[in-house]
Amino acid sequence: MRVLLIDDEKELVSTLCERLALRGIQAHWAADGQEGLDKAARTNYQWAVIDLKMPGLDGRRVIELIKQKQPDIKIILVSGHSAAGELDACRLAGADCFLVKPFELEELLAKLRGED
Amino acid sequence: MSNAHADWQLLCRQGLEFFGRVTANLSHEMKNCLAIMNEQTYLLKELLEMEAQGRRQEPGRIQDLAGKIIERIQETDRVIKRLNTFAHSADEESRVLEAGQLLELVAQLYRRLAALKGLELELETPPASLTLTANPFFLEAALFACLDAVCQAGEPGRGPIRLWVEEGSDEVRFWVGGAQPGELEPGSGPAPGILQVLGARLESREDALGLELPRGS
């Protein structure tokens, strides 16, 4: 399984990638939306885990752009809070599911495995 | 309802909006720190478990990770101290304030929001001797609104948003600049009621917003 994590918190995504790699998942990270789109254009990912609030392109815009190029990619949107309106807006933008920070790796793994 | 009562209600609402915006922002910063510490601590645990099973880790990897966790704890502590200082700014209606300290606090409160726009803040700290007597909470609200107005007009790559203070004989002027000429939204900046409480006047240069206040007794 190939997963792309996009979050401006470099320490967070790099650590998550390392933990996913320990579990045999090929995980790459990008520190902003544009870098994420560039990586997604070069590699065929099954999943993208995208932070909602980032400088430059925000999570919603990244989802729209990534889905235009890779309609089959599944998206997990990550946010610091879980306002209902925000969740609806993210679903409309094309996110398949949602995680609220801080989340446990097991929650992310369950979503990647389609168990949740 | 009397005009005075309506004005008071409006001021309370504006104050509460500012309080909510700042605390939401700080709680977001804390959540980010916690999320990072959470991942790093679990990774540390997993690497130690592997080491215990005889799978040697890269030299220095565990110390490096522990060092990063300590840095994040210290960062979280700074955010909490900032929140505490901000919360206590509503304790008194008026007190003697160091202009530099106040400007630094407001810059710290706003820094993440500026970063989300891809903007950097640059502070010119005035001497500690530059003080004024004012309502700390509403002065923070007014400076935050100035900063917000300039940052809304700012674009990444055009240099930092600057904050500085000018000292007059009987007044202090706080300035926030960096937006390009003509880009500030008309009417942006602090609400009139907040300016009134502070006895402050809003000044506008082509690339900056300023707040002039009497230094007080």
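Bear in mind the structure is a predicted one, so any value in this text is a computation, not a measurement. (Residues numbered from 1 in each chain as written. Chains lettered and ligands numbered in written order. Predicted model: local features only at pLDDT ≥ 70, side-chain atom pairs only at ≥ 80, totals over all residues.)

J.: Explanation requested: the overall build of chain A in the structure shown.
T.: Scanning chain A for helices and strands turns up five helices and five strands. Over its C-alpha atoms chain A spans a radius of gyration of 13 Å, differing by no more than 12% from the 13 Å that the globule rule assigns to 116 residues. Residue pairs in contact within chain A that sit at least 24 positions apart in sequence constitute 55% of those at least 6 positions apart. (Helix = DSSP H or I, 4+ residues; strand = E, 2+ residues; numbered from the N terminus. Rg over C-alpha atoms; globule rule 2.2 N^0.38 Å. Contact = placed C-beta atoms within 7 Å.)

J.: Whenever I open this one, the environment of Gly216(B) confuses me. Can you help?
T.: Mapped onto the fold, Gly216(B) is located in the segment after strand S7 (208-214). Apart from residues lying up to four places away in sequence, Gly216(B) is in contact with Leu132(B), Thr133(B) and Ala134(B).

J.: What is the right way to read the interface of chain A and chain B from this model?
T.: Listed by partner, the interface residues are 15 residues for chain A and 17 residues for chain B. Ranked by residue count, the leading element in the side of chain A that touches chain B is helix H1 (residues 10-22) of chain A, at seven residues. Taken together, the residues of the side of chain A that touches chain B break down into six nonpolar, three polar and six charged. (Nonpolar A, V, L, I, M, F, W, Y, C, P; charged D, E, K, R; others polar.)

J.: Just checking my understanding: could you explain the domain arrangement of chain B for this structure?
T.: Interface size, as often reported, equals the accessible area lost upon joining of the parts. Residues and elements named next belong to chain B. On domain assignment, one finds that chain B holds domain 1 (3-88) and domain 2 (95-214). Taking only C-alpha atoms into account, the centre of domain 1 sits 26 Å from that of domain 2. With 12 residues of domain 1 at the interface, the matching set in domain 2 holds 12 residues. Of all elements in the fold, only helix H1 (3-52) and helix H2 (61-88) reach the threshold of two or more residues within the side of domain 1 that touches domain 2. A per-element tally of the side of domain 1 that touches domain 2 places H1 first, with nine residues. Looking at the side of domain 1 that touches domain 2, its residues break down into five nonpolar, four polar and three charged. (Domains from an automatic or database assignment.)

J.: Would you explain the packing of H1(B) against H2(B) in this entry?
T.: Any two packed helices are characterised by the angle at which their axes cross and by the distance between the axes. All names here are of chain B. Two elements in contact, H1 and H2, have axes whose closest approach is 9 Å; the angle formed by their N-to-C orientations is 160 degrees. The angle between H1 and H2 places the two elements in the roughly antiparallel class. When the axes of H1 and H2 are compared, the crossing they make is left-handed. Looking at the contact of H1 with H2, its residues break down into 18 nonpolar, three polar and six charged. (Axes fitted to C-alpha atoms, helices over the stretch in contact; angles between N-to-C directions. Parallel < 35°, antiparallel > 145°, perpendicular 65-115°, else oblique. Left-handed = near helix turned anticlockwise from the far one by under 90°.)

J.: How do you make sense of the sheet that holds strand S6 (residues 201-205) of chain B when you look at a structure like this?
T.: Pairing between sheet strands relies on hydrogen bonds along the backbone, with the strands arranged either parallel or antiparallel. All names here are of chain B. Pairing in this open sheet of five strands is mixed, and the strands run S2-S4-S5-S7-S6 from one edge to the other. Each having just a single partner strand, strand S2 (121-123) and S6 make up the two edges of the open sheet. Each strand axis lies, on average, 20 degrees off the axis of its neighbour in the sheet, ignoring direction. With three bridges connecting them, S2 and strand S4 (residues 161-167) associate as parallel partners. Bridging across to S4, Glu 122 finds its partner in Arg 162. Along the sheet, helix H3 (residues 99-116) contacts S2, S4 and strand S5 (171-177); its crossing angle with S2, the most-contacted strand, is approximately 170 degrees. On the sheet, helix H4 (residues 136-153) packs against S4, S5 and S7 and is oriented at approximately 165 degrees with respect to S7. (Pairing = 2+ DSSP bridges.)

J.: So what exactly am I meant to see when it comes to the nonpolar core here?
T.: Across soluble globular proteins, nonpolar side chains show a tendency to be buried alongside one another. Residues Ala142(B), Leu143(B) and Cys146(B) are the most contacted members of the largest nonpolar core, which totals 46 residues. The set of elements that each furnish at least two residues to this core consists of H1, H3, strand S3 (131-134), H4, S4, S5, helix H5 (192-198) and S7 of chain B. Looking at this core, the element that brings in the most residues is H4(B), giving 13 residues. Looking at this core, you find at least three residues from each of domain 1 (3-88) and domain 2 (95-214) of chain B. In contact with Ala142(B), other than residues within four places in its own chain, are Pro190(B), Ile194(B), Leu195(B), Leu198(B), Ala200(B) and Leu211(B). Counting residues in each nonpolar core, the second largest holds 34 residues, with Leu12(A), Cys17(A), Trp47(A) and Ala35(B) among its members. (Core = buried A, V, L, I, M, F, W, Y, C linked by C-beta atoms within 7 Å. Buried ≥ 20, exposed ≤ 12 C-beta atoms within 10 Å, placed from the backbone.)

J.: Explanation requested: the pairing of S4(B) in the structure shown.
T.: Across a regular strand the side chains alternate sides, sitting on one face of the sheet and then on the other. Residues and elements named next belong to chain B. Where S4 lies against S5, six bridges are found, and the strand directions are antiparallel. Along S5, the bridge assignment pairs Arg 162 with Gly 177. Counting the residues that bridge the hairpin from S4 to S5 gives three residues.

J.: Would you explain the sheet that holds strand S4 (residues 74-79) of chain A in this entry?
T.: Residue and element names in this part refer to chain A. Within the open sheet, the five strands sit side by side as S2-S1-S3-S4-S5. Their pairing is parallel. The open sheet has two edge strands with one neighbour each: strand S2 (26-30) and strand S5 (97-100). Shown here is a sheet whose adjacent strand axes are inclined to one another by a mean of 20 degrees, direction ignored. Summarising the sheet, strand S1 (residues 2-6) and S2 pair through five bridges and their orientation is parallel.

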